[in-house]
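These are the residues of each chain, in order.
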Amino acid sequence: MGLVDTHCHLQSQRFDVDRATVQVACLKALDWIVVIGDDIPSSEAALDLLGPRIYGVVGMHPYYAKDFDDATLECLRSMAATEKVVALGEMGLDYFNEYSPRDVQALAFRHQLDLACELNLPVVIHNREADEDCHAILSEYADRLAGCIMHCFGSGPEYARKFLDLGFYISFAGNVTFKKAIQLQEAAKVVPLERLLVETDAPYLAPVPMRGKRCEPHYVAHTAAFLAELKGVDPAALEAQTTANAHQVYRIPKTA
Ligand code: NI
């Protein structure tokens, strides 16, 4: 069993010039990848990429919460019925880029959490500088959710523990490898291997030594290697466990 990228945006315009090449390269290096939507068009574009060893997640990012309406909900419901759609997201709260008012973000978040509970699908959470509110909302849903991934984890060890206490998975992207990401690295240390995931969030946040470049899904290997070193565990063990975790939370059979 090799590595997987649990979160990338291969449908991003930044891959328009060479998407097929990147796709071949990443599927050569990785067992499988998950392409994540941010809004309706990018979720549809994620569906267009589904295929052998490519899974999809559909949802509405908090940036676009002000555009979330009944039609969005129905659209997500119908897209979620597509084979190989393994979760809803990314959804959540972003108080760093407050493109939508906080109460509007919360409402769109709750609508999607309700839908995930109804459809029995896991969720992929975007939380940026909104720890307290994000934790409060998710606490209400934790018992009913089929699974939850705190994607591109950006908080410190205190909230890592709080989200772990809710039974969630914590996923680290390339930014954990950045030299000044001390808090994030402290958070990674408290996450037990059996709750740890790795992702790229490509095309964003390329890990060291690729930092500053366009991120590609197979760069997840750098993040995994960094985390193994940071946590003092065997790199092969970390790879095997994080991939097993990804199979578990996304409910992707190991034979797939
Ligand atoms: Ni993302």
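Below is a short write-up of the structure.

Quick notes on the coordination of the nickel ion
- Looking at the metal site, the nickel ion is ligated by His7 (NE2), His9 (NE2), Glu90 (OE) and Asp201 (OD), spaced 2.1 to 2.2 Å from it.
- Because the angles between the four donor atoms bound to the nickel ion fall within 85 to 178°, the donor set is best described as irregular.
- Each donor residue of the nickel ion belongs to the same chain, with the gaps between them written as H-x1-H-x80-E-x110-D. In this pair, His7 sits in strand β1 (residues 5–8) while Asp201 sits in the loop between β8 (196–198) and α8 (220–231), placing the two residues 194 residues apart along the sequence. Each of the two residues, His7 as well as Asp201, counts as buried.

Quick look at the sheet that holds strand β2 (residues 33–36)
- Spatially, β1-β2-β3-β4-β5-β6-β7-β8 is the arrangement adopted by the eight strands of the open sheet, whose pairing is parallel. One side of each edge strand has no neighbouring strand; the edge strands of this open sheet are β1 and β8. For this sheet, the mean inter-axis angle between neighbouring strands, taken without regard to orientation, is 30°.
- Here β2 pairs with strand β3 (residues 54–58) via four bridges, running parallel. Bridge pairing in β3 places Ile33 opposite Ile54.

Some remarks on the packing of aromatic side chains
- Counted by the stated rule, this structure contains eight aromatic pairs.
- Seen in terms of ring centroids, Trp32 and Tyr250 are 6.4 Å apart; in terms of plane orientation they differ by 75°. Their pairing is edge-to-face. On the criterion of sequence distance, the pair formed by Trp32 in the loop between α1 (19–29) and β2 and Tyr250 in helix α9 (residues 235–250) is long-range, its members being 218 residues apart. With respect to class, Trp32 is no different from Tyr250; both count as buried.
- Judged by centre distance (5.9 Å) and plane angle (70°), the ring pair of Phe153 and Phe172 falls under edge-to-face. Note that Phe153 is positioned in the loop between β6 (148–150) and α6 (157–165) and Phe172 in strand β7 (residues 169–172), a separation of 19 residues in sequence. Both residues of the pair, Phe153 and Phe172, belong to the buried class.
- Counting every residue linked through ring pairs, the aromatic cluster contains Phe153, Tyr159, Phe163, Phe168 and Phe172.
- Across the ring face of Tyr55, the terminal group of Lys84 is positioned such that the distance to the ring centre comes to 4.9 Å.

Parameters at a glance
Residues numbered from 1 in each chain as written. Predicted model: local features only at pLDDT ≥ 70, side-chain atom pairs only at ≥ 80, totals over all residues. Heavy atoms only, no water. Donors = N, O, S within 2.8 Å, 3.2 Å for Na, K, Ca; no water. Tetrahedral: all angles 85-135°; square planar, octahedral: opposite > 155°, others 65-115°. Helix = DSSP H or I, 4+ residues; strand = E, 2+ residues; numbered from the N terminus. Buried < 20%, exposed > 50% of the residue type's maximum accessible area, 1.4 Å probe, protein only. Pairing = 2+ DSSP bridges. Axes fitted to C-alpha atoms, helices over the stretch in contact; angles between N-to-C directions. Phe/Tyr/Trp six-rings, centres within 6.5 Å; stacked < 30°, edge-to-face > 60°. Lys NZ or Arg CZ within 6 Å of the ring centre and 35° of its normal.

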